[in-house]
Every structure is written in C-alpha cells, then in structure tokens.
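Examination of the molecular architecture
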Amino acid sequence: MSDAPAPALLSGFVPEQDGKAAPYRVLARKYRPARFEDLIGQDAMVRTLSNAFDLSRIHQAYLLCGVRGVGKTTTARIMARALNYHRAADAERAAVDAPTIAMPDLGTHCQAIIDSRHVDVIEMDAASHTGIDDIRELIDGARYRPVMARTKVYIIDEVHMLSKQAFNGLLKTLEEPPEHVKFLFATTEVDKVPVTVRSRCQRFDLRRVEAPIMVAHLGGICAREGVSIEPEALALIARAAEGSVRDALSLLDQAIAHGASTAAGSIDAASVRGMLGLADKGRLIDLFEALMRGEVATALEGMRALYDEGADPSGMLAAMADFVHLVTRIKIVPDAARDPALTAEERDRGLAFAAALSLPVLTRTWQMLAKGLGDVRDAPRPLAAADMVLVRLAYASDLPTPDEAIRRLEQRPPGAGRSAAIGPAVSGGEPLPRLSNGLAGVVKAEAQVARNAGPPLAGLPQAGLPQAALRQTASPAISSVDPARNPRAIEDFVALAIANRDIVLKTALERDVRPVRIEPGSFEFEAVEGASPQLAAHLTRRLAEWTGNRWMVAVTTQGGAPSLRERAEAAALLRRQGIEAHPVVSRVMELFPGTRI
C-alpha cells in the first residue's frame, strides 16, 4: 500500500500560528496514518476489514494484538473514524452517511477523532483505569446513545492490564452490547486477556513491518522532510526498530538531529552506526572470518578496537549471531541473498561463507554465540566475557564435528597419538577394524540384545560376569497353560501382581525372588538378602485369591536362579561390555580419559 499521507491530514511542514512557528511535532505523530491506505505491512487486516465494511458485517468488538509501535491504537482510531464517517454533499460529490473505509477527505467527525477529543469516541488507558469501578462507569455510559456521531466507540488500550473483576464485569455488555456501541481493544500481551473476552472479539494480529517495507517508508518520509540519507543508514534504522514503525520513526528523528552538523544535513551509515552503538558491519565480518580461521589474537584485537570506538560487546556478539544466521539461511535457501535490506558486502561475503562452512559448524557457532550472549549480558565486565566467548569460538573452529571425528577415528592407524586421531589419517595406515556398519552395527546389536530377539553378540567378552547372572538371560518359552490360574514362571507371577494392581508385591517379585522350582500349586524360591520375612506368607495368600487354587510357597537358602532385576542388570552389563569392546569406542575412551558411555 502507499505510504503517502492524505494531503488534507498529513503535511510535511509545520504551519505558523500568529507569525510564530508551531511547536515541533515528532515524526511518529506527524506521519501517523489517518486512513487505511496509509497503514503499511498490514495488508491482511486491511483486506478483511474492507470486505467486512463492504458487506455490512461489522463485529461488535475487535481485539488488535501485536508488539509495540505496529499501529494498534492508530488502527483503532481509523476504525472509529470509518464507523462514524459522514460527509455532506457538495457540487461534485454525493453525501456519505454510512460506515465506509473509503475516506479520501476529512468528514464531519474525522478531525476530532484523530485528535482524540470526540465526545462519542472514548479512549481509555487500561493501565491507569484497571478497576471494576472504571468498567461500571463505562457500562453505564454505553446505555446512552451517541451525542453527535453515528456510533459510540470505546477504545481500550493495553486491555490486558484490566483486573479480573473488571474483565468479568465487562463480559455481558461485550457479548450483547447496544446496537450503537462498538468496542476496540489493543494489547501487546494477548495471552493475559481472558479467553472469555477473546472469544467475544474478532481478533487481528498486526505483524511486524518487514525491513524492505520499513526502508521504503522511511525513505519516503525523508524525501518529504527534505533530508538526505544513505540507504544503508535507513537499513540500520529499520533493523534496530525490529518491525516497530514508531521505534523506526523515533530513531529517524534522532538520526536527523545527530547528523545535523554534517554538510547539507546528509546522514551517512557511519553516523547512524555510531548513534546506535553498532560496530561496522564489514569489520564484524572480518572478526567472524578470523574466528573461523582460528586466529584468536586477531579476533581479540578487532574486538578491542571496536569497543574503543563505542561498540557494545553484547551488540557485537548479537550482530555476529545475526550474520551466522544469514549465512545459514543463504546456505539452505540461496535466494535469501537477494534480500534488499542486505548490504553488498553482507551479500557477497555471506555467499562466500555459505559455500565454505558446513551446517554443523554454523549451528555450533550459533549455539556458542547464543550462550555467550547471555553470559556477556549478565557479566560485571562485558568486554572480558566477550573476549572469552571469542576464545572458545576460535579454538572450536577447527574441531571436527561428531561424524567427522568418528570417521577419522575409524581411519586412524594403530599406535598413533591423539593428534592423529583428530587430524587427517596417516596414509598407508591400517584402518581400525569395524563391525558391519561402524557404530551403527553396535547400536543395532545392542537393540537386538535389548529385545531378547536372539543370542548375545558373538565374540563379546563375558569374563568377569558371575555365572549365576548369565543363566536365564532370555525369557522362558510361553506356556500353553493359562498363566492367570496356573503360573509356570516368575514372569507369570509378576503379571498376576500387575493385573491385580499389587505394586508392592510386583516389586518384591522382581527384586527379592530368585526362583528355584515352580510347579502347579507349589513355588520354591531363594530370598535375596534384605527381603521381607513375610514375603512367602503374603504371596501364599495372594496366589490363592488370584488363581482360586491352594498354593504352597517355600523359601530355601540357596540354589535360586537370578532374580528378574539381576537378569536385567546382567543384560545391561553385557550390552555395555559389547559396546566398550568395539574398537572405535575403546579407542575414543583411551584417547579421552574420563569418557563415559
């Protein structure tokens, strides 16, 4: 949409009053949109409202959400003007006396609504009117018809600040308001608005204004103000505003004042960068390149030079993280380099880095910068903390990614030192022996043992395991006898306890029972040290209740097979030994003492 203001509403000069210049109006107020056509970056909302007005499907309440400075309150005033637009007939045009979004000229009520002084358009700041008494006053006033306009409009800014009682008092009127009343709510924190209120409103989420649209908008304002400014300076302001038009215009006001002493009032990127406390983009990219090359001394010198010129350490790290994000996007989506908000240097060098750096390296750099940024912001000495972040990045730049490390370890010749393991493989060396598919073979075999789908891995060391722990590592064959009435294995007893929701007995059966002999009506077991002395009696009673048969449960002092828990621990130890026996894993543990699986 066009960002040109309505001639009758917005002018590029300050009129004189009684021969004196009127007080200066900041750009954010001077160029505040007064028509739907003046709104930028909100095409979806404007299209929906246009169709609603054309079809006379106007809702009784609207909820406008979004970050600060994207036009929530401005949109509410424009809607109030559209609801009450009235224009008398003249020689060239017919009268207009109905809600419409086509408002080329000031109507009868327009100027008063724009100036927030119309008696039938009530603006309320919920931050200072939060209580139920304020809402009662609003509800009482809503019963009366408007004094001058067609519709009485209530604009409540920062509506999430209302108290719970105030929201509850508003619900009935909000759901069934008088036909002459409309509600327009604005909020930056929609999650704090009760769902009962949100469900009674038509919601619009105002988007952050994208950088290219913002740059074009700021350029048009500078042209009307007669200000000369470099496109790169506008791009810096648009980025700093983070999608907020009000923030962008405030920064532009500041930049115009900051660059007033330069020749012809021209504003260059360097002055804006200094005003914002930003580091030179080209020098930041040089700093990033030094880090990727592992040149830590060069990086530290560059950081110190930028800091001495006024750049903020956390801002430098944030800008570097933004560049890493840009390089990553270009690597994945090459068309991202065509973004008009990018400078030529960012575009060219971003393409070069995208071709040279791998995605694992970029993601690792991003994570380290994100973590370091929080450290710098919380540190009592931000520059020192930023230096340590650069040191970590520089020394991590030449480290291989996990897949590269495994590949190099597999190619490492026997007897080579640690440097050979993490560096290129020595030509002519014997590669490490490996399973059918490297570590994938180990994982596959481990999963096989975990599922008890077959015998243990062939060739895995089993020395040191107690023979009792190695017995019955596989579950016994499933019996054709009904285990609910005639349990034949310890697993059947556990299943009975689970089916009857006796968790205490189920735990005891798994932990404390080493089965010796199981026959119909008879169960003999060895108790683990520390088991309850009442376990046999308790199990006798429960089995009689659950199976309907009489059982004799006896405890012996020896000869029991491993308990279910001992079996599980033995199987886990077997799996661990199998993994540790793999040449790649054992070599990693040898090269990096203290490594654990």
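Residues numbered from 1 in each chain as written. Predicted model: local features only at pLDDT ≥ 70, side-chain atom pairs only at ≥ 80, totals over all residues. Heavy atoms only, no water.

**Points about the state of the cysteines**
- All chains considered together, the criterion is met by 0 disulfides.
- Unpaired in terms of disulfides, C65 finds its nearest cysteine sulfur in C201, a separation of 9.0 Å. (Disulfide = S-S within 2.5 Å.)

**Section: a nonpolar patch on the surface**
- A cluster of nonpolar side chains, contributed by V119, V147 and M148, occupies part of the molecular surface with about 320 Å² of accessible area.
- Along the polypeptide, V147 turns up in the loop between α5 (132-142) and β5 (152-157). (Patch = residues over 30% accessible without salt bridge, like charges linked within 9 Å, V, L, I, M, F, W, Y side chains within 5 Å. Areas by Shrake-Rupley, 256 points an atom, 1.4 Å probe, with all protein chains shown as cover. Salt bridge = Lys/Arg side-chain N within 4 Å of Asp/Glu carboxyl O. Helix = DSSP H or I, 4+ residues; strand = E, 2+ residues; numbered from the N terminus.)

**So, the confidence of the model for the protein chain**
- Residues at a pLDDT of 70 or more form 80% of the protein chain, whose mean pLDDT is 79.
- This stretch, residues 1-17, has a pLDDT under 50; its non-local contacts, to residues over four places away or in other chains, come to 46 contacts.
- Considering only residues more than four positions removed or in separate chains, one finds that residues 417-481, a stretch of pLDDT under 50, has 79 contacts. (pLDDT = per-residue confidence, 0-100. Contact = heavy atoms within 4.5 Å.)

**Thoughts on α5**
- Where α5 is concerned, the buried positions are I135, L138, G141 and A142. Angular distribution of buried residues about the axis of α5 spans 125 degrees; they occupy a single face of the element. More than 90 degrees from the buried face of α5, the exposed residues found are D133 and E137.
- For α5, the secondary structure elements touched by its buried residues are β4 (121-125), β5, α6 (164-175) and β6 (181-187). (Buried < 20%, exposed > 50% of the residue type's maximum accessible area, 1.4 Å probe, protein only. Arc of directions from axis to C-beta.)

**A short note on the sheet that holds strand β10 (residues 552-556)**
- If you walk across this open sheet you meet the 3 strands as β8-β9-β10, and the pairing is mixed. At either margin of the open sheet sits one strand with a lone partner, and together these are β8 (513-519) and β10. When strand polarity is set aside, the average angle formed by the axes of neighbouring strands in this sheet is 25 degrees.
- Here 5 bridges tie strand β9 (residues 522-527) to β10, and the two strands are oriented parallel to one another. If you follow S522 over to β10, its bridge partner there is M552.
- Sitting on the sheet, helix α23 (residues 503-512) touches β8 and β9, and the angle it makes with β8 is about 95 degrees. (Pairing = 2+ DSSP bridges. Axes fitted to C-alpha atoms, helices over the stretch in contact; angles between N-to-C directions.)

**A few points about the sheet that holds strand β7 (residues 202-205)**
- With respect to topology, 5 strands assemble into an open sheet ordered β4-β5-β6-β3-β7, the strand pairing being parallel. Of all the strands in the sheet, the pair left with one neighbour each is β4 and β7. On average, each strand axis in the sheet is inclined to that of its neighbour by 15 degrees, with strand direction left out of account.
- Sheet analysis places β4 next to β5, joined by 5 bridges and oriented parallel. Bridged to V121 within β5 is V153.
- Relative to β5, α5 is tilted by about 165 degrees, and along the sheet it contacts β4, β5 and β6.

**Description of the packing of helix α12 (residues 281-292) against helix α15 (residues 344-356)**
- At a closest axis distance of 10 Å, the pairing of α12 and α15 adopts a crossing angle of 15 degrees. Considering the angle they form, α12 stands roughly parallel to α15. Crossing angle aside, the handedness with which α12 passes α15 is left-handed. Each of K281, G282, I285, D286, F288 and E289 in α12 lies in contact with α15, whose residues at this interface are E345, E346, R349 and F353.
- When the residues that make up the contact of α12 with α15 are grouped by side-chain class, the tally is 3 nonpolar, 1 polar and 6 charged. (Parallel < 35°, antiparallel > 145°, perpendicular 65-115°, else oblique. Left-handed = near helix turned anticlockwise from the far one by under 90°. Nonpolar A, V, L, I, M, F, W, Y, C, P; charged D, E, K, R; others polar.)

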